[in-house]
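Read off the chains here:
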Amino acid sequence: MSEVPNLAEISEDYHNWTLEDIEDAMIPQHAREKGGRDTIFAWLAKYQVAKSSGQDAINGTVGSLLEDDGNLAVNPVVSSTLREQADLELSAYAPLPGLPHFRTLVPELAFGDGLPVMLHHGIHLESISTPGGTGALYLSARNLLKPGTTLLLRDRHWGPYQTIIKECGLEVATWPLMPSSGDGQIDVEALDGVLNQLVQEQNQVLAWLNDPAHNPTGMSLTSESRMLVLERFASIAEKNPSKGITLFVDGAYAAYAKNHHGWGDTLALFSSEVMWPPNLLLCYGFSASKSHTLYGQRCGALIMIHPNKEFLERMLEVMLHTGRGTWSGAARLPQATVHSIHSDVDKYVDWLHERDRLQQMLETRRDIFNSRCVKENVPILPSHDGYFAFLPHENPEPIAEAASTRGLYVVPLKGGIRIGLCSIPTSQVDRAAGILADAWRTNC
Ligand SMILES: Cc1ncc(COP(=O)(O)O)c(C=O)c1O
């Protein structure tokens, strides 16, 4: 008869296992490297503790748009339209590429009047629904670069870009957000330099460019700068016909930029004036998170733009495969909701009215913030649109700590401090800029 194990002894032994023992057994090395606390949530938690202990605290940590009373800004016509969707829209799967009418709508939302001009000049577009703009970024990273190669970012960027890039087994190269001198927006020499280097080292080049209303600075490119960037990518494609060049414009905040359809205007001009190299692909990441206050519904799309329709159909197949193998299909309900809003004049006008009110609120906050920073000589980076402003500094933690003792909670990131104008009540913005100025002066 086989010996009966002494369960009491075994479980006693199990009590001696350390967390490290369990991790050693359970988590393979590549996954053990993952982790790290999210700085943004850590500073939000500090704000919440301060607020609940009675400090007159200002919340500049959040990346969602808050009303002046601190509540999440929600576009009411979006919620009511979502609630009145038919059961089918709630329960059924969407077709894998997304609802056809949503896929047609997305380029119209992204490019406005530029779209018919692009189409007129023989440019084709193909879109695929994704879980938020993040899904669109992921699809591009998975399929437009070989694992192990390098993706190009500007040196200041949204932190989760790095996470997506790592998850896809890629490396990062950067070019400066702006030139170190002069009043231009594009460091052409640096961009050409890094593009040339990448094109020599790998067969495909992919760059992510968050514009307009860049996170974390609020900077928006002018029409000249947008064209300049496009021309540099077209030029590198032209000179290297055997290499694939993709520029991905991440338009997550475009709804809150003064020029909502700037990239549509630029692409229209580009497609009418420039011969489009067949080895150049343009991608645009659409997100309904901010524009339609649908953050949690995970609604977005990848738009691919190219003169060859068959190539785009092939790309759609490739992207669909990744979607199927990662999240399956994107949620149907928010796609149906966004489409319902934009196909009903009354709903559309309501949406636009509220979107414009929210944009105006952000502009008022930014004007107050920028003018106080000018008055106090605080060297924030150019900030034109959207949710954020950014104070560059090599050692941002002490500034953020000093600001918090005076009641302002902001987020120290690599290379500086992110100020969430989206979450600071308008009446507190001037005080917030004053606190930041004091904290910066005592630590600069
Ligand atoms: C720069 C940038 N890109 C993309 C996104 C993606 O947002 P979502 O996946 O919610 O659409 C965000 C969200 O904060 C962002 O800040």
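The numbering scheme is per chain: residues are counted from 1 as the chain's sequence reads. In view of the model being predicted, local features appear only for residues whose pLDDT reaches at least 70, and side-chain atom pairs are presented and counted only at 80 or more, with totals across whole chains, interfaces and linings using the full set of residues. Values shown for side chains rest on all heavy atoms present in the structure; no hydrogens or waters enter the calculation.

1. Section: the packing of aromatic side chains
Each aromatic ring pair is specified by the distance between its two centres and by the angle formed by the two planes.
Thought 1: Here a pair means two rings of Phe, Tyr or Trp (six-membered ring of Trp) with centres within 6.5 Å. Their orientation is stacked below 30 degrees between planes, edge-to-face above 60, and tilted elsewhere. On inspection of all chains with the given rule, the structure shows 14 aromatic pairs.
Thought 2: A centroid spacing of 5.0 Å and a plane angle of 70 degrees characterise the contact between Phe111 and Tyr284, whose relative ring orientation is edge-to-face. Here Phe111, found in helix α7 (residues 100-111), pairs with Tyr284, found in strand β7 (residues 280-287); they are 173 residues apart in sequence, far enough to count as distant. Residues Phe111 and Tyr284 agree in their burial class; the two are buried.
Thought 3: Measuring from ring centre to ring centre gives 5.7 Å for Tyr256 and Tyr387, while their planes differ by 45 degrees; the resulting arrangement is tilted. In this pair, Tyr256 is assigned in the loop between β6 (244-250) and α13 (262-273) and Tyr387 in the loop between α17 (345-375) and β9 (388-392), connecting sequence segments 131 residues apart. There is no split in this pair, since Tyr256 and Tyr387 are both buried. Secondary structure elements follow DSSP: runs of H or I of four or more residues count as helices, runs of E of two or more count as strands, with numbering from the N terminus. Each residue is placed in one exposure class: buried if its accessible area under a 1.4 Å probe, protein chains only, is under 20% of its type's maximum, exposed if it is over 50%, and partly exposed if it falls in between.

2. Points about the domain arrangement of the chain
Thought 1: Segmentation of the chain into domains returns domain 1 (39-63 + 347-443) and domain 2 (93-343).
Thought 2: Here, two residues are considered to be in contact whenever any of their heavy atoms come within 4.5 Å of each other. Contacts between domain 1 and domain 2 engage 25 residues on the former and 25 residues on the latter.
Thought 3: Buried area counts how much accessible surface, traced with a 1.4 Å probe, disappears from two parts once they are put together, with both parts' losses summed. Considering only the surface of domain 1 that becomes buried against domain 2, Trp351, Asp385 and Tyr387 emerge as the three largest contributors, covering 28% of it.
Thought 4: Note on definitions: salt bridges are taken to be side-chain nitrogens of Lys or Arg within 4 Å of carboxyl oxygens of Asp or Glu. If you look at where domain 1 meets domain 2, you find 1 salt bridge.
Thought 5: The closest approach of N and O atoms between Lys258 and Asp385, which form a salt bridge, is 2.9 Å.
Thought 6: Each polar contact in these results corresponds to two N or O atoms within 3.5 Å; when the atoms are within protein, one needs to be able to donate a hydrogen and the other to accept it, and residues that are neighboring in sequence are counted only if both atoms are side-chain atoms. Between the two partners, domain 1 and domain 2, sit 15 residue pairs in polar contact (both at pLDDT 80 or more).
Thought 7: At the level of secondary structure, the elements contributing two or more residues to the side of domain 1 that touches domain 2 comprise α17 and β9.
Thought 8: The element contributing the most residues to the side of domain 1 that touches domain 2 is α17, with 9 residues.
Thought 9: Three residue categories are used. Nonpolar comprises Ala, Val, Leu, Ile, Met, Phe, Trp, Tyr, Cys and Pro, charged comprises Asp, Glu, Lys and Arg, and polar comprises the others, including Gly. Split by residue class, the side of domain 1 that touches domain 2 holds 12 nonpolar, 6 polar and 7 charged. Boundaries of every domain are those given by an automatic assignment or by a domain database.

3. Structural notes on the pattern of salt bridges
Pairs may arise between side chains of opposite charge once their charged atoms sit close together.
Thought 1: Evaluated as defined, the whole model comprises 21 salt bridges.
Thought 2: The salt bridge involving Glu401 is made with Lys46; its shortest N-O contact spans 3.2 Å. Pair noted here: Glu401 is in helix α18 (residues 396-405) and Lys46 is in helix α4 (residues 39-52), with a separation of 355 residues, a long-range link.
Thought 3: A relative accessible area of 33% places Lys46 in the partly exposed class.
Thought 4: Between Arg365 and Asp68 there is a salt bridge, and its shortest N-O distance comes to 2.7 Å. Here Arg365, found in helix α17, pairs with Asp68, found in the loop between β1 (58-59) and α5 (76-83); they are 297 residues apart in sequence, far enough to count as distant.
Thought 5: Salt bridges here are not isolated pairs; linked through shared partners, they connect Arg372, Glu376, Asp430, Asp438 and Arg441.

4. Remarks on a nonpolar patch on the surface
Thought 1: Residues with no salt bridge and a relative accessible area higher than 30% make up the patches, which join like charges within 9 Å and nonpolar side chains (Val, Leu, Ile, Met, Phe, Trp, Tyr) within 5 Å. Only the protein chains shown count as covering a residue, and every accessible area follows the Shrake-Rupley method with a 1.4 Å probe. Nonpolar side chains collect at one region of the surface, where Tyr14, Trp17, Ile22, Met26 and Ile27 lie side by side and expose about 530 Å² of accessible area between them.
Thought 2: Within the element layout of this structure, Ile27 appears in the loop between α2 (19-26) and α3 (29-32).

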